[in-house]
Amino acid sequence: MEPVIQLLADLVRIPSMNPMGRACSGKEYAEESIALFVAEYLRRRGITAEVQEVKPHRLNVVAHVDAGAERTVLLEAHLDTVHADAMAVPPFDANIVNGRLQGRGACDTKGSLAVFMDALCSLVAEGTKLRYNVLLAAVADEEYQFTGAQTAVARGMRADFGICGEPTRLHIIRAHKGVTRWRLRTSGRAAHSAYPERGKNAIYTMGHVLTALEQHARVLTLHPPHPLLGTPTMSVGVIEGGHAVNIVPENCWIEIDRRTLPGERREDIFGDVRAALKDIGDWSMDAPHLEAAGMEVPAGGEDVNRLRTAIESSVGSAIVESAQYATDAGMYCAAGIPCIVFGPGDIADAHTDAESIDIKEVLAAREIIRRFLT
Ligand SMILES: [Zn+2]
């Protein structure tokens with residue numbers, strides 16, 4: 001077995017599910033075990049690797065190879081996966097069937113992580129001169145709140161260019177939307193439902209809020225579209241309010257999902273919502289519980305071109321496009337590290353009950369990253 005595939009199998013065999021807000025605990029629901037494995041793997045091969053604590057048992061690994069180069073490139077992949085409930089394939093066995101390695105995280109995104117680790121370690125072992133200094137970051141919590149990438153940036157991680165490893169089928173994603181999610185609450189006054197005039201109905205108030213937000217969401221789609229990403233969107237996805245049918249409800253809340261274009265800021269997003277609701281009282285907004293920036297990297301930059309050439313020379317043609325999902329790349333772009341998204345595997349296989357990755361694509365990605373770095 002090729003060392004990069006052996007490494008991928010080892011990574012899949014270490015569960016690293018993100019609790020994603022559920023009350024799950026145990027070492028399989030955190031990144032600690034896999035982070036320590038990654039750090040040890042790199043250190044054994046002579047690469048300096050620092051472990052950062054994001055939260056208890058939730059760790060990042062940041063490794064560094066100084067090639068004496070002018071520019072530094074960030075290779076980044078997340079360590080966490082989504083849950084492995086009710087999977088149709090064994091989630092942590094790393095079985096290989098029909099040329100595909102199966103398991104939770106195989107595609108999203110341990111394939112990319114194995115590629116970055118093995119490409120870098122093999123070049124260092126061969127003593128090949130690198131074109132860039134390399135930062136290799138394996139981070140926690142991409143699947144839920146992006147706190148791993150936030151922590152890495154807050155601790156001062158800097159690079160001239162970044163590749164965020166996600167399943168893109170070896171395409172270069174140079175733009176994607178961001179997402180901001182938060183709760184909006186209405187408040188009223190409880191009363192016996194036989195005397196509704198004594199209370200104030202928070203659900204009725206929310207009804208007015210929802211009508212105004214639906215209109216605001218429609219207006220957003222009338223903005224001039226971004227050439228790659230279209231317009232921003234907004235959707236209300238959850239509502240809860242009241243305690244019993246015979247009590248006038250004093251509380252109601254909704255959860256809002258706002259897809260953002262690169263450069264949109266929270267102040268502006270909230271300002272627009274406040275303006276849309278200016279004629280309605282008794283509501284308030286929580287701070288976002290999830291905030292991931294959109295990103296856009298120019299098509300013609302030196303580093304993007306070098307990656308494009310590495311792809312062309314390995315697999316024939318290079319596709320540069322945009323995506324609808326959000327990744328850690330938005331966080332790095334916002335911190336001044338132009339960061340594209342690239343990796344083996346298909347997003348259509350990510351998070352599925354039969355997650356798997358094409359081994360040939362993993363081997364091609366390894367070759368592409370090796371060529372890009374040299
Ligand atoms: Zn991912």
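Thresholds applied
Residues numbered from 1 in each chain as written. Predicted model: local features only at pLDDT ≥ 70, side-chain atom pairs only at ≥ 80, totals over all residues. Heavy atoms only, no water. Helix = DSSP H or I, 4+ residues; strand = E, 2+ residues; numbered from the N terminus. Buried < 20%, exposed > 50% of the residue type's maximum accessible area, 1.4 Å probe, protein only. Donors = N, O, S within 2.8 Å, 3.2 Å for Na, K, Ca; no water. Pairing = 2+ DSSP bridges. Domains from an automatic or database assignment. Contact = heavy atoms within 4.5 Å. Buried area = accessible area lost by both parts, 1.4 Å probe. Salt bridge = Lys/Arg side-chain N within 4 Å of Asp/Glu carboxyl O. Polar contact = N/O pair within 3.5 Å; in protein donor to acceptor, adjacent residues only side chain to side chain. Expected span 1.5 Å × (residues − 1). Arc of directions from axis to C-beta. Axes fitted to C-alpha atoms, helices over the stretch in contact; angles between N-to-C directions. Parallel < 35°, antiparallel > 145°, perpendicular 65-115°, else oblique. Left-handed = near helix turned anticlockwise from the far one by under 90°. Nonpolar A, V, L, I, M, F, W, Y, C, P; charged D, E, K, R; others polar. Lys, Arg positive; Asp, Glu negative; His and termini not counted.

This next bit is on the environment of G46. Mapping G46 onto the fold places it in the loop between helix 2 (32-44) and strand 1 (48-55). Among the residues examined, G46 registers a relative accessible area of 66% and is labelled exposed. Distance in space between the C-alpha atoms of G46 and V124 is 8.4 Å, their sequence separation being 78 residues.

Around the zinc ion, the donor atoms from the protein are H78 (NE2), D108 (OD) and E166 (OE), and they sit 1.8 to 2.1 Å away. For H78, a relative accessible area of 1% puts it in the buried group. A relative accessible area of 4% means that D108 is categorised as buried.

Extensive coverage of strand 2 (residues 58-65) is indicated by the burial of seven of its eight residues. Pairing geometry for strand 1 and strand 2, over seven bridges, is antiparallel. Residue pairing across strands places A49 opposite A63, the latter belonging to strand 2. Linking two consecutive strands that pair antiparallel, namely strand 1 and strand 2, is a turn of two residues; a positive phi of about 70 degrees is found at H57 within it.

On to the domain arrangement of the protein, then. One frequent convention defines the size of an interface as the accessible area lost when the parts assemble. One can read the domain layout of the protein as domain 1 (3-177 + 294-373) and domain 2 (178-292). One C-alpha centre belongs to domain 1, the other to domain 2; they are set 35 Å apart. In this assembly, 16 residues from domain 1 lie in contact with 15 residues from domain 2. Of the roughly 1,200 Å² buried at the junction of domain 1 and domain 2 (both faces included), carbon and sulfur atoms supply 59%. Of all residues in domain 1, K177, G294 and E296 give up the largest surface area on contact with domain 2, accounting jointly for 44% of the area buried on that side. Linking domain 1 with domain 2 are zero salt bridges, by the criterion used here. Taken together, the links from domain 1 to domain 2 amount to five residue pairs in polar contact (both at pLDDT 80 or more). Mapped onto the side of domain 1 that touches domain 2, the elements with two or more residues apiece are strand 8 (172-176), strand 16 (295-296) and strand 17 (320-323). With three residues, the top contributor of residues to the side of domain 1 that touches domain 2 is strand 8.

The next point concerns helix 7 (residues 302-315). Compared with an ideal rise of 1.5 Å per residue, which puts 14 residues at 20 Å, helix 7 spans 20 Å between its outermost C-alpha atoms and is within 8% of the ideal. Of the positions making up helix 7, those classed as buried are D303, V304, L307, A310 and I311. In a view along the axis of helix 7, the buried residues occupy a sector of 120 degrees, so they form one face of it. Along its buried surface, helix 7 packs onto strand 7 (161-164), strand 8, strand 18 (339-341) and helix 9 (359-373). The first or second residue beyond helix 7 is G316, which carries a positive phi of 105 degrees.

Attention now goes to the sheet that holds strand 4 (residues 96-97). Spatial ordering of the open sheet is given by 4-5-19, a layout of three strands whose pairing is antiparallel. Every other strand in the sheet has two partners, leaving strand 4 and strand 19 (356-358) as the edge strands with one partner each. Both strand 5 (residues 100-102) and strand 19 contribute to a ladder of three bridges, which runs antiparallel. Considered in strand 19, the bridge of Q102 is made with S356. This element, helix 1 (residues 3-12), spans strand 4, strand 5 and strand 19 of the sheet and lies at about 20 degrees to strand 5. Across the face of the sheet, helix 3 (residues 106-126) comes into contact with strand 5 and strand 19 while running at roughly 50 degrees to strand 19.

Put simply, helix 1 and helix 3 touch, their axes get as near as 9 Å, and they point 135 degrees apart. Classified by the angle their axes make, helix 1 and helix 3 are oblique. Considering how the two elements wind past one another, helix 1 and helix 3 form a crossing that is right-handed. Together, P3, V4, L7, L8, L11 and V12 of helix 1 and A106, K110, G111, L113, A114, V115, M117 and D118 of helix 3 make up the contact between the two elements. Residues of the contact of helix 1 with helix 3, tallied by class, amount to eleven nonpolar, one polar and two charged.

Positionally, E76 belongs in strand 3 (residues 72-78). Of the side chains with opposite charge, R58 comes closest to the buried, unpaired E76, at an N-O distance of 12 Å.

Take the pairing of strand 9 (residues 178-187) next. Bridge count between strand 9 and strand 13 (residues 251-260): ten bridges; the pairing is antiparallel. Each residue of the ladder has a partner; that of R181, found in strand 13, is D257. As paired elements, strand 9 and strand 15 (residues 290-292) share three bridges and run antiparallel to each other. Looking at the pairing, R181 lines up with L290 of strand 15. As defined by bridge partners, strand 9 adjoins strand 14 (residues 283-285) across three bridges and the pair is classed as antiparallel. Looking at the pairing, T186 lines up with W283 of strand 14.

On the secondary structure map, T109 appears in helix 3. Among the residues examined, T109 registers a relative accessible area of 0% and is labelled buried. Setting aside residues up to four positions removed in sequence, T109 forms contacts with A77, H78, G165, E166 and P167.

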